[in-house]
Amino acid sequence: MDKKSWKDFCEKQKEKMQAKVAILKTEIADYDQGSDHEYIFIFERATYKVKKINQALTKMDRGDYGRCVSCRQMIPEQRLIILPEVDHCFACAKKT
Ligand SMILES: [Zn+2]
């Protein structure tokens, strides 16, 4: 994928996750406080993902997207398609 496609792809992922966060927020509000930990866990994961995708978009603007932060190798596209917010290649992710 070229640079522009990646940006569109990540923007779309971000929108999707933001929509999910919004839904989760209203659903959690319907629950008793702290009664469903799993729900809160999913919500936190989704919020975290939005944050990470934002960071990925910032990296794209800097032209630094898709590079592993540990070994500085390019992360394979197949990995980025599944996890667009990832900042480690598979080998480095396994080490940590
Ligand atoms: Zn690496």
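Structure shown above.
What you see is a predicted model, and the numbers here were worked out from it, not measured in a lab.

Parameters at a glance
- Residues numbered from 1 in each chain as written.
- Predicted model: local features only at pLDDT ≥ 70, side-chain atom pairs only at ≥ 80, totals over all residues.
- Helix = DSSP H or I, 4+ residues; strand = E, 2+ residues; numbered from the N terminus.
- Buried ≥ 20, exposed ≤ 12 C-beta atoms within 10 Å, placed from the backbone.
- Contact = placed C-beta atoms within 7 Å.
- Expected span 1.5 Å × (residues − 1).
- Core = buried A, V, L, I, M, F, W, Y, C linked by C-beta atoms within 7 Å.
- Axes fitted to C-alpha atoms, helices over the stretch in contact; angles between N-to-C directions.
- Parallel < 35°, antiparallel > 145°, perpendicular 65-115°, else oblique.
- Left-handed = near helix turned anticlockwise from the far one by under 90°.
- Nonpolar A, V, L, I, M, F, W, Y, C, P; charged D, E, K, R; others polar.

**Some details on the overall build of the chain**
Then step 1. Check the secondary structure of the chain and you find 4 helices and 0 strands.
Then step 2. Tracing the chain from N to C terminus, the helices and strands come up as α-α-α-α.
Then step 3. In terms of principal-axis extent, the alpha carbons of the chain reach across some 45 × 30 × 20 Å.
Then step 4. By residue count, 14% of the 96 residues in the chain fall in the buried class.
Then step 5. Within the chain, contacts between residues separated by at least 24 positions form 49% of all contacts whose residues are at least 6 apart in sequence.

**Here we look at helix H2 (residues 37–62)**
Then step 1. With 26 residues, H2 should cover 38 Å at 1.5 Å per step; its first-to-last C-alpha distance of 38 Å lies within 8% of that length.
Then step 2. Those residues of H2 that sit buried are Ala46, Lys49, Ile53 and Ala56.
Then step 3. The inward-facing, buried residues of H2 contact helix H1 (3–30).
Then step 4. Of the residues flanking the end of H2, it is Gly63, one or two places downstream, whose phi is positive at about 75°.

**Regarding unusual backbone geometry**
Then step 1. Of note in the backbone geometry, Arg72 takes a positive phi value of approximately 65° without being a glycine.
Then step 2. For Arg72, the location among the structural elements is in the loop between H2 and helix H3 (77–82).
Then step 3. Look at Arg72 and you get exposed, because 10 C-beta atoms sit within 10 Å.

**Side note on the nonpolar core**
Then step 1. Grouped together as the largest cluster of nonpolar side chains are 6 residues: Cys10, Met17, Ala46, Ile53, Ala56 and Tyr65.
Then step 2. Looking at this core, the elements with two or more residues in it are H1 and H2.
Then step 3. Considering each element in turn, this core owes the most residues, 3 residues, to H2.

**Focus on the packing of H1 against H2**
The packing of two helices is summarised by the inter-axis angle and the distance between the axes.
Then step 1. Running from N to C, H1 and H2 point in directions that differ by 155°, and their axes come no closer than 9 Å. Our classification of the angle between H1 and H2 gives roughly antiparallel. Here H1 and H2 pass one another in a crossing that is left-handed.
Then step 2. Residue classes in the contact of H1 with H2 are distributed as 16 nonpolar, 4 polar and 4 charged.

Fair warning: the whole summary comes from geometry, so function is off the table for now.
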